[in-house]
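Per-entry structural report
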Amino acid sequence: MRTTTYTWQQAVQDAIGESDTNQLGRKIQLAEIAIFERIDTFSATDSGEAIALFDALGKLRTLREHLGN
């Protein structure tokens, strides 16, 4: 089984994996931009990706709250 990895997924992983709090805010921002760009061009044929996109936004929101922004 082949799993497709989208650009936005890598950006989210980069943010989640960032340990430098000085860089974390920027990585969260880049991930959010990548997600919103994908939503803008999203095809409704993949509801699994839609769920993953909104789940990722929730994770980024939690990261941002822990960062204090």
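To be clear, the structure that these remarks concern was listed above.
Let us look at the structure shown here.

Each value, and the rule that gives it
- Residues numbered from 1 in each chain as written.
- Predicted model: local features only at pLDDT ≥ 70, side-chain atom pairs only at ≥ 80, totals over all residues.
- Heavy atoms only, no water.
- Axes fitted to C-alpha atoms, helices over the stretch in contact; angles between N-to-C directions.
- Helix = DSSP H or I, 4+ residues; strand = E, 2+ residues; numbered from the N terminus.
- Parallel < 35°, antiparallel > 145°, perpendicular 65-115°, else oblique.
- Left-handed = near helix turned anticlockwise from the far one by under 90°.
- Contact = heavy atoms within 4.5 Å.
- Nonpolar A, V, L, I, M, F, W, Y, C, P; charged D, E, K, R; others polar.
- Expected span 1.5 Å × (residues − 1).
- Buried < 20%, exposed > 50% of the residue type's maximum accessible area, 1.4 Å probe, protein only.
- Core = buried A, V, L, I, M, F, W, Y, C linked by side-chain atoms within 4.5 Å.
- Arc of directions from axis to C-beta.

**Considering the packing of helix α1 (residues 7–17) against helix α3 (residues 47–67)**
- Packing of α1 against α3 brings their axes to within 11 Å, and their N-to-C directions diverge by 25°. By the angle class used here, α1 and α3 are roughly parallel. The way α1 lies across α3 gives a crossing that is left-handed. Contacts between α1 and α3 involve Trp8, Val12, Ala15 and Ile16 on the former and, on the latter, Glu49, Ala52, Leu53, Ala56, Lys59, Leu60 and Leu63.
- By residue class, the composition of the contact of α1 with α3 is 9 nonpolar, no polar and 2 charged.

**Some points on the packing of α1 against helix α2 (residues 21–40)**
- Look at α1 against α2: their axes get within 8 Å of each other, and the N-to-C directions meet at 160°. What the angle tells us is that α1 and α2 run roughly antiparallel. Relative to α2, the crossing made by α1 is left-handed. In contact with Trp8, Ala11, Val12, Asp14 and Ala15 of α1, α2 contributes Leu24, Lys27, Ile28, Leu30, Ala31, Ala34, Ile35 and Arg38.

**Topic: α2**
- Here α2 spans 29 Å end to end across 20 residues, near enough to the 28 Å set by a 1.5 Å rise per residue.
- What α2 keeps buried is the set Leu24, Gly25, Ile28, Ala31, Glu32, Ala34 and Ile35.
- Lining the buried residues of α2 we find α1 and α3.

**Observations regarding the environment of Phe36**
- Following the sequence through the fold, Phe36 ends up in helix α2.
- Along the chain, Phe36 and Leu57 lie 21 residues apart, while their C-alpha atoms are 9.3 Å from each other.

**Quick notes on the nonpolar core**
- Membership of the largest hydrophobic core comes to 14 residues, with the highest contact counts inside it found for Trp8, Val12, Ile35 and Leu60.
- When residues no more than four places from it in sequence are discounted, the contact partners of Ile35 are Trp8, Val12, Leu53, Ala56, Leu57 and Leu60.

**Quick word on α1**
- For α1, the complete set of buried residues consists of Trp8, Ala11, Val12 and Ala15. Axial view of α1: buried residues confined to an arc of 100°, hence all on one face.
- Taken together, the buried residues of α1 touch α2 and α3.

**Thoughts on the environment of Arg26**
- For Arg26, the position within the fold is in helix α2.
- Arg26 sits 11 residues away from Ala15 along the chain, and the two C-alpha atoms are 8.3 Å apart.

On their own, these measurements won't tell you what the molecule is for.
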